[in-house]
Every structure is written in structure tokens, then in C-alpha cells.
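Results of the structural survey
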Amino acid sequence: MIGSDFAELQLFITGPILLRKEVREAGLLPEFGHRDSENVKRFGPIMENLRKLSGAPEDYDIIIFNGSGTNVLEASVRSLVASDDTVLNVSVGAFGDLYHKLAVTNGKNAVQLKFDYGRAIDLDKLEQALEEYSPDVVTFTQNETSTGVFNNVPEVCALIHKYGAKSLVDAVSIFGGAPSCIAEAKPMMYSTSTQKSLGLPAGFGIAFVSPEGFEKAEKVENRGYTTDILAQVEKARNLQTLTTPNGTLVNQMCVQLDYIVNDETIEKRFARHEEMREMAHEWVEQMDGYSLFAQEGYRSPSVSAVQTAPGMTVEKLKQVKEAMRGHGYLFDPGYGKINKELEASGRQPIFRIGHMADISPEMLKKYLEILSGVLKDIN
Ligand SMILES: Cc1ncc(COP(=O)(O)O)c(C=O)c1O
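As the structure is a computational prediction, the values presented were derived from the model and not from experiment. (Residues numbered from 1 in each chain as written. Predicted model: local features only at pLDDT ≥ 70, side-chain atom pairs only at ≥ 80, totals over all residues.)

Turning our eyes to something else, we now look at the site of the ligand. Close to the ligand lie 14 residues; Ser68, Gly69, Thr70, Thr145 and Val172 are nearest. Where the shell around the ligand is concerned, the elements lending two or more residues are helix H3 (69–80) and helix H4 (94–105). In terms of residue class, the shell around the ligand is made up of four nonpolar, nine polar and one charged. (Near = placed C-beta within 6 Å. Helix = DSSP H or I, 4+ residues; strand = E, 2+ residues; numbered from the N terminus. Nonpolar A, V, L, I, M, F, W, Y, C, P; charged D, E, K, R; others polar.)

So, on to the sheet that holds strand S14 (residues 350–354). Across the sheet, three strands lie side by side as S11-S12-S14; this open sheet has antiparallel pairing. Each edge of the open sheet is held by one strand with a lone partner, namely strand S11 (291–292) and S14. Sheet topology note: the strand S12 (residues 303–307)/S14 ladder contains five bridges and is antiparallel. Residue pairing in the sheet places Ala305 in a bridge with Arg352 of S14. (Pairing = 2+ DSSP bridges.)

What follows concerns the packing of helix H11 (residues 266–285) against helix H14 (residues 361–378). H14 packs onto H11 with a crossing angle of 15° between their chain directions and a minimal axis gap of 10 Å. Between H11 and H14, the interaxial angle falls into the category roughly parallel. Crossing handedness for the pair H11 and H14: right-handed. Between H11, through Arg272, Glu275, Met276, Met279 and Trp283, and H14, the contact on the second element is made entirely by Pro361, Leu364, Lys365 and Leu368. Residues that form the contact of H11 with H14 fall into these classes: six nonpolar, no polar and three charged. (Axes fitted to C-alpha atoms, helices over the stretch in contact; angles between N-to-C directions. Parallel < 35°, antiparallel > 145°, perpendicular 65-115°, else oblique. Left-handed = near helix turned anticlockwise from the far one by under 90°. Contact = placed C-beta atoms within 7 Å.)

For the rest of this paragraph, the subject is the domain arrangement of the chain. When the domains of the chain are assigned, the result is domain 1 (10–14 + 265–378) and domain 2 (22–262). Relative to domain 2, the C-alpha centre of domain 1 lies at a distance of 26 Å. Listed per partner, the contact involves 23 residues of domain 1 and 26 residues of domain 2. Broken down by secondary-structure element, the contributors of at least two residues to the side of domain 1 that touches domain 2 are H11, S12 and helix H13 (336–344). No other element matches the four residues that H11 contributes to the side of domain 1 that touches domain 2. When grouped by side-chain class, the residues that make up the side of domain 1 that touches domain 2 number 12 nonpolar, six polar and five charged. (Domains from an automatic or database assignment.)

Structure below.
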């Protein structure tokens, strides 16, 4: 039978991520019509719980887009960067680069400020770039999944806003695992997706948009259709999506958000992510020759990037991956492009530990114990 040989692995990659049994079971709930009253039974609680989880002020709209994180980031570029605007894409890694690519491929006047892999946004350098380019819009990544760097959203947004620019934040791999800071930082648009710290399958991008975002969008031409936040929000305000949603995922999202807010609780979920970050750090400290890749003080609660000890190579990390598969785990051997560049410059490659969503500290402890043995055997 098809599927009978699909491996049941515990995913320790950086998304998609392990799904709780209850989330998998919620995939069996009834399909429904997305313009029917049944739709409201799902999207009513979903929107309410997203607001609680985000702490977003009431004047922010919440939009659920079909697609994944990239689709909602592209919508932010299409809807909020005008043809005569300058957009500054601040990048601390592969996903900061992705925002730049989205701006360039959509024909926007885009400039980039890049930091070395593993470094967080340096506010002095950002200030220089704000002075040099006078951008209208600035994009940046809250949680750089490729390097494990966690930028300080309130500080970065405050600086951007001081220079009269508007901020677009990519929070794809962190929303649901740490405070969004939307209320404090007031970004024009804050974007995320389902398959990371929320602990759901991929399929939706989620946007939190400020009132000034909608004012701005009115003045931007060629917003497209599915990338138009004005078309999207009209439906979102009626608890609907613009185009047909994946009903299975809607059911799962309804169940999972209710669990996060009302069972686990938001506070405990964020604390569990911090606890797992500490566990990962302590584990790295006692691994001879291994070190944390991200700058101290800016390390992610949902993903740790680990620089390997001398002797480890990209090729050997592939062996580690296969050995971990033998133990029932999916190991993340690092972001390919970054590891290539690290090796080419004579530096050690990295691997990543995704400790997000519904992974428990007990599961992480066991994983790290097994990983220690595998790394020692292969390195
Ligand atoms: C920080 C960040 N931004 C954007 C993306 C792209 O999101 P998606 O794969 O959901 O399109 C990812 C995916 O890993 C990510 O981690």
C-alpha cells in the first residue's frame, strides 16, 4: 500500500517540524465550504487566538494567505513598496537575502545591507545605511533560520522609524515560539507562516498589518491580486481567505491555536522555547571543539546553529544525517549555500538544531544525547 514505507521520523530540522498527534488527528475533521457559516466556526477562533498569541493591537488586521511564508513576504513587497520608493533590505543570512530577491524580482528600487553570517544587525551600521540611502521602506528578519540569529525587533524598528522609513518584518521561523513585539515595535507589516514555531503543516502565510500599511497600499500601483493586501483584508475582515484555503490545514490550525492559547498557554510555550535554547547552548559548550555560530546575545529560541569541530566536513555531516535517520530522527546538516561558502573560506561548516513548536525538553535531551555519540563516531 502506498505510504506504508513512509518513515516516521522525529523532525529536528528548522521546519517543517514535528506535528503533535492531536494536530495530525485534526486533519481528519470535516471538510467545509469556505464561504459557508461552517467557515466562521474555524476562522473565528483562529483569528481571536492569533491576536492573543501575537499581542497585536486591535487596529492591526490579521490576514491569512494561501501559500507559505514567501508568498506573504512577496505580498508585503508588492503592496507596500511603491515604484518610486527605495527599499533597503537588511540581511543577516539566507532569508534576509530572500527578501532582497523578492524586491529585485518585483522590479523595486532595492538596496541591500548585509552582515556577516552569524552576526546580528548592527545598529550603527544600519544607521549609516539609513543616512546614506534614505529608504522609504526597510525589510529585515526577526529570526534568521539559516544562522540562528535572533534580531531585536523593537530596537531595529525604532531606528528605522526614527529615520521616517516604514518597517517590514519577516518572522517566519519564530512566531508562536517567542513574543512578536508587534505592540511595542509597531512594524508596518509583520509576516509569518504555519510550518515553523506554530507546529502546523505548511500552507498559509500570516500577516499582521498596521493601519498605515493600508494607507500606504492605496498609493502603490500594480499590487497584483493575491499579493494585494487591500483585496486580502476585505475577505479577512469577514473571517475568510481571498482564495480557497486548505480546509485540512484550517481544521488543524483551529485545534492547534486553541491548544497553544488555552491549554499550554502562551507564557509557558515561550518559556519552553527559552528552556530548549538553554539546553542546546549547554550541550554545545560541553562538545569539544564545537561552538555556537550566532553572536552572543542574539541567539534564537527556536533554532541553534552549531559550528563544527575541526575535522568535520559537509560530506561527513551528510553521514551524520543518515546515522541520525537510523535512530529515527531527521537531522539538519546546515544551510547548503552557507556551508559551501564557509568551507571555501577555510572555516568549519555548521549544522542546525530546530528546537521549535511542540518539541519538548525531554525529546531534545534524548536527541542531543544520541547526536553526541553520532558526532563522536563520525568526526
Ligand atoms: C526566516 C524565513 N523567512 C522566509 C522563509 C521562507 O518561507 P516558506 O518556506 O514558508 O516560503 C523561511 C523558510 O524557512 C524562513 O525561515
